Structures are given as structure tokens and as C-alpha cells.
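Residue-level structural notes
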Amino acid sequence: MPKSDRGTAVFPNRTEEHHGRKRIENSKGNHGYGIARWLRETSSDEFQVEEGALYPALRKLEKRGLINSAWEITNTGREAKIYRLTVEGEEALDAASANWDRYVNAMASVMGPGSNQ
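Residues numbered from 1 in each chain as written. Predicted model: local features only at pLDDT ≥ 70, side-chain atom pairs only at ≥ 80, totals over all residues. Heavy atoms only, no water.

**Observations regarding the packing of aromatic side chains**
The geometry of an aromatic ring pair is captured by the separation of the ring centres together with the interplanar angle, meaning the angle of the planes. Throughout the structure, instances matching the rule amount to one aromatic pair. Considering the side-chain rings of W100 and Y103, the 5.3 Å spacing of their centres and the 35° angle between planes classify their relative orientation as tilted. Here W100 and its partner Y103 are both found in helix α4 (residues 87–111), three residues apart, which amounts to about one turn of the helix. (Phe/Tyr/Trp six-rings, centres within 6.5 Å; stacked < 30°, edge-to-face > 60°. Helix = DSSP H or I, 4+ residues; strand = E, 2+ residues; numbered from the N terminus.)

Spelled out as C-alpha cells, the structure:
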């Protein structure tokens, strides 16, 4: 999905804005190619996920009950398997995001200005 098509909302800080945008993106669902493209675009081309890695990961997430999938007709008229987070998947994403935020903040404290004293 092109960046300009993503929903926006007002959040008090960047972390909440990031999580809010992820939630908006996740609620729509996406097919495998769209997920790979979204990762590439939102990471400024830092994440290049190959199909050989993406689809097995999606199957594992589905087996764990974190996502579900259904065959749907896309806006181009083609049939594609659309993946969406389940409630359990949203909870797991929230927990993982919170852990990641703590890690990033801790690393910023260690690596930031004055950290080599």
C-alpha cells in the first residue's frame, strides 16, 4: 500500500503514533506481496523480505493463531490470500512493540551523548 494511502491520526508522541499507524495498517489486512512491499517502503528499503522467508513465517504465525487468512478478490480483480491479525496477534504485537521500545530506549541511553563516561 503506498505511503500516501495510509490513514493518519493524532497521537501524543511518536511511539503512540507508530503503534497507531501499525494498528490502522493491520486492520485492513494485506496479501503477501503487499506485506513485503509495506515492510520495504516503511523501512526505507532496509527490510527486503523474500517470498521464501515471508510465506513460511506467515504460515507459522497462522498456526500459532496470531494471524488468520482468507482468499479474497483484490481491488484489481485478482484473487489473493489476505492476512489479518487476530485479537491474540494484536496483543502479541503490542507486547513485542513495548519490549522493543524498552530495548531501543535502553540502547539510546547507553549509546547516547555522555555514555562513555
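**Structural notes on the layout of surface pockets**
Computed from the structure, the second largest pocket encloses a volume of approximately 350 Å³. Taken together, 15 residues make up the lining of the second largest pocket; nearest its centre are N30, H31, R37, T74 and N75. Breaking the lining of the second largest pocket down by element, the ones donating at least two residues are β1 (30–31), β2 (67–73) and β3 (79–85). Of all the elements, β3 adds the most residues to the lining of the second largest pocket, at three residues. (1 Å grid on protein atoms, 1.4 Å probe; cavity = no way out; pocket = protein on both sides within 12 Å on 5 of 7 lines; lining within 4 Å. Points joined across faces, edges and corners; volume = space filled by probe spheres on them.)

**Digging into the sheet that holds β3**
Overall, antiparallel pairing links the three strands, which are arranged β1-β3-β2 in an open sheet. Of all the strands in the sheet, just β1 and β2 have a single pairing partner and so form its edges. As paired strands, β2 and β3 are joined by seven bridges and run antiparallel to one another. The residue bridging E72 from the neighbouring strand is A80, located in β3. Packing against the sheet, helix α3 (residues 51–63) makes contact with β2 and β3, and its axis sits at approximately 115° to β2. (Pairing = 2+ DSSP bridges. Contact = heavy atoms within 4.5 Å. Axes fitted to C-alpha atoms, helices over the stretch in contact; angles between N-to-C directions.)

**A few points about the side chain of T74**
Considering the arrangement of structural elements, one finds T74 in the loop between β2 and β3. Since its relative accessible area comes to 18%, T74 is described here as buried. Among all residues touching T74, those that are not within four sequence positions of it are H31 and A80. (Buried < 20%, exposed > 50% of the residue type's maximum accessible area, 1.4 Å probe, protein only.)

**Notes on the nonpolar core**
Among the nonpolar cores identified, the biggest contains six residues, and these are I35, A36, L54, L58, I67 and Y83. Listed by contribution, the elements that provide at least two residues to this core are α2 (32–42) and α3. (Core = buried A, V, L, I, M, F, W, Y, C linked by side-chain atoms within 4.5 Å.)

**Some thoughts on unusual backbone geometry**
Unlike most non-glycine residues, S44 shows phi in positive territory, near 55°. Along the polypeptide, S44 turns up in the loop between α2 and α3.

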